[in-house]
Amino acid sequence: MDGDRVEIDGGIMEGGGQILRVSTALSCLLGLPLRVRRIRAGRSQPGLRPQHLSGLEIIRDLCEGKLEGGEIGSTEITFTPGKIKGGTHIADTKTAGSVCLLMQVAMPCVLFAASPSELHLKGGTNAEMAPQIDYTVMVFKPIVEKFNFTFNCDIKKRGYYPQGGGEVVVQMSPVKVLSPINLTERGTVTKIYGRAFVAGALPIKLAKDMAAAAVRCIRKEIRDLYINIQPVREPDDQAFGTGSGIIVVAETSTGCLLAGSSLGKRGKNSDKVGIEAAEILLRNLKHGGTVDDSLQDQLIIFMALAKGVSRVKSGPITLHTQTAIHFAEQLTKAKFIVTKSEEEDPSKDTYIIECQGMGMINPNL
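As the structure is a computational prediction, the values presented were derived from the model and not from experiment. The written sequence of each chain sets the order in which its residues are numbered from 1. Given that the model is predicted, a residue must reach a pLDDT of at least 70 before its local features are reported, and side-chain atom pairs must reach 80 or more before they are shown or counted; all residues, however, enter totals for whole chains, interfaces and linings. The side-chain figures draw on all heavy atoms in the structure; neither hydrogens nor water molecules are used.

Colleague: Just to check I follow, could you spell out the side chain of R5 for this structure?
Modeller: Under the DSSP-based scheme used, a helix requires at least four consecutive residues in state H or I and a strand at least two consecutive residues in state E, with every element numbered from the N terminus. Counting through the fold element by element, R5 comes out in the segment before β1 (6-9). Three labels apply to residues, based on accessible area from a 1.4 Å probe with only protein chains included: buried if under 20% of the type maximum, exposed if over 50%, partly exposed otherwise in between. R5 sits in the buried class, given a relative accessible area of 11%. Any N or O atom pair separated by 3.5 Å or less is treated as a polar contact, with the protein-specific requirement of one donor-capable and one acceptor-capable atom, and with residues adjacent in sequence counted only for side-chain atom pairs. Within the structure, R5 has its side chain in polar contact with the backbone oxygen of L34 (distance 3.3 Å). Polar contacts involving the side chain of R5 include one to the main-chain carbonyl oxygen of F79, which spans 3.1 Å.

Written as structure tokens, this is what we have:
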């Protein structure tokens with residue numbers, strides 16, 4: 001069997017968990033046996049962390065595959081996929097490992113299952129180095145559904161660093177084929193809204209301070225738009241542990257959604273958290289793309305699987321996106337072309353990511 005295994009170097013380019021997520025999801029979808037070496041070689045603690053292992057385990061369970069080398073700290077795995085089936089699956093990082101990253105690896109696979117799926121994902125809902133669950137629901141969901149599928153994401157309980165303890169339930173029905181997307185017209189910003197949250201032992205005043213600081217920061221650049229950032233205290237029965245953070249979303253006349261977000265932590269001033277989120281949003285608005293830096297790489301696998309040509313206008317291409325494109329091309333028949341966008345004024349750093357998708361067909365439908 002080993003003669004046919006696809007060999008993946010997990011230490012190149014972004015050198016982190018994303019290589020593992022993209023390659024194992026595509027391995028599962030395409031029925032390609034896989035070996036990944038030098039896992040997360042680019043990180044200070046190389047090898048599998050609990051969250052990466054949970055991601056591998058949910059993929060293995062989704063397709064009744066075989067996983068070897070699946071332990072914490074392991075720097076090499078082999079994976080042999082089986083047939084993707086729907087039903088209920090549970091993944092638990094048992095840490096503050098991100099539920100959103102678990103969703104990233106599982107979602108493309110359950111789209112091509114034989115029957116509807118319900119994923120119970122446990123861990124951190126608002127974690128560092130990963131999209132916050134609010135981002136997933138407010139930005140990722142409406143945009144990714146343009147590929148012509150829908151999903152339901154129910155936040156049962158929020159969980160924060162360091163314990164985690166959050167739970168999200170994702171329900172999805174399979175599709176026959178994904179449609180390509182065309183996101184090339186930014187339009188004008190029509191509204192800005194968001195939520196600043198506290199949970200556990202933190203007072204609502206912190207959420208109000210984060211929201212106010214974000215509004216002041218945005219006001220310097222965008223004067224004439226109403227900005228609605230709700231300060232929220234998460235109900236105690238719907239949050240585990242103590243945490244805080246903010247997400248600010250800009251919506252445009254063409255339906256684009258771009259965001260900035262930030263998490264509070266001990267010793268970090270709440271004004272600073274709000275300003276950080278606002279500055280990320282403003283930076284994303286400045287480059288003129290239709291997607292923000294966090295969404296860019298998350299769309300690549302869907303573009304690769306879709307039938308037809310997808311086009312997305314973005315700001316500077318992130319290393320995560322370059323990495324996703326590299327492995328999507330290595331494993332699928334999809335072809336990506338990235339070009340500098342010409343119609344912009346030259347001061348804008350805007351690119352068109354174009355993909356001729358492989359046109360994956362669900363064999364079960």
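Colleague: Would you explain empty space enclosed by the protein in this entry?
Modeller: Over the atoms rolls a probe the size of a water molecule, and its path tells where empty space is left. A cavity, in this analysis, means grid points on a 1 Å lattice covering only the protein atoms where a 1.4 Å probe fits yet has no way out; a pocket is instead an open set bounded by protein on both sides within 12 Å along at least five of seven lines, and a residue lines either one if it has an atom within 4 Å of a point. Grid points are joined across faces, edges and corners, and a volume is the space filled by probe spheres set on the points. The final tally for this structure, using the stated rule, is 2 cavities of 30 Å³ or more. Volume-wise, the largest cavity comes out at about 150 Å³. Forming the boundary of the largest cavity are Q18, R21, V22, M103, Q104, M107, F140, D297, Q298, I301, F302 and A324. Broken down by secondary-structure element, the contributors of at least two residues to the lining of the largest cavity are α1 (17-30), α3 (99-111) and α7 (293-305). With 4 residues, α7 is the single largest residue contributor to the lining of the largest cavity. Residues are grouped as follows: Ala, Val, Leu, Ile, Met, Phe, Trp, Tyr, Cys and Pro are nonpolar; Asp, Glu, Lys and Arg are charged; every other residue, Gly included, is polar. In terms of residue class, the lining of the largest cavity is made up of 7 nonpolar, 3 polar and 2 charged. As a volume, the second largest cavity reaches approximately 80 Å³. For the second largest cavity, the full set of lining residues is G17, L20, R21, T24, Q51, H52, G55, L56, L101, L102 and V105.

Colleague: Just to check I follow, could you spell out the pattern of salt bridges for this structure?
Modeller: Close approach of charged atoms allows side chains with opposite charge to pair. Each reported salt bridge corresponds to a side-chain nitrogen of Lys or Arg within 4 Å of a carboxyl oxygen of Asp or Glu. In the structure shown here, the tally under the stated rule is 22 salt bridges. Between R60 and D61 there is a salt bridge whose closest N-O contact spans 3.1 Å. Judged by its relative accessible area of 30%, D61 falls in the partly exposed class. K340 is the partner of D349 in a salt bridge, and the nearest nitrogen-oxygen pair spans 3.5 Å.

Colleague: Explain the sheet that holds strand β15 (residues 309-314) here, please?
Modeller: Strand pairing in a sheet relies on backbone hydrogen bonds. The paired strands run either parallel or antiparallel. DSSP-based pairing: two strands are paired if at least 2 bridges between them are found. The strand order across the open sheet formed by 4 strands is β9-β15-β17-β16, and the pairing between neighbours is mixed. Here the strands that pair on one side only, and so sit at the sheet edges, are β9 (182-183) and β16 (335-340). Judged from the 2 bridges that link them, β9 and β15 form a sheet pairing that is parallel. Note that in β15 the partner of L183 across the bridge is V312. Packing against the sheet, helix α8 (residues 319-331) makes contact with β16 and β17 (351-356), and its axis sits at approximately 150° to β16. It only takes one pair of heavy atoms within 4.5 Å for two residues to be counted as in contact. A fitted line through C-alpha atoms serves as each axis, taken over the contacting stretch for helices, and the angle formed by two N-to-C directions is quoted from 0 to 180°.

Colleague: What exactly am I supposed to notice about the sheet that holds strand β5 (residues 87-92) here?
Modeller: Spatially, 5 strands are ordered β5-β6-β8-β7-β12 in an open sheet, and the strand pairing comes out mixed. Both edges of this open sheet fall to β5 and β12 (239-240), since each of them pairs with a single strand only. Contacts between helix α2 (residues 50-62) and the sheet are confined to β5 and β6 (117-123), with β5 contributing the most and set at about 165° to the helix.

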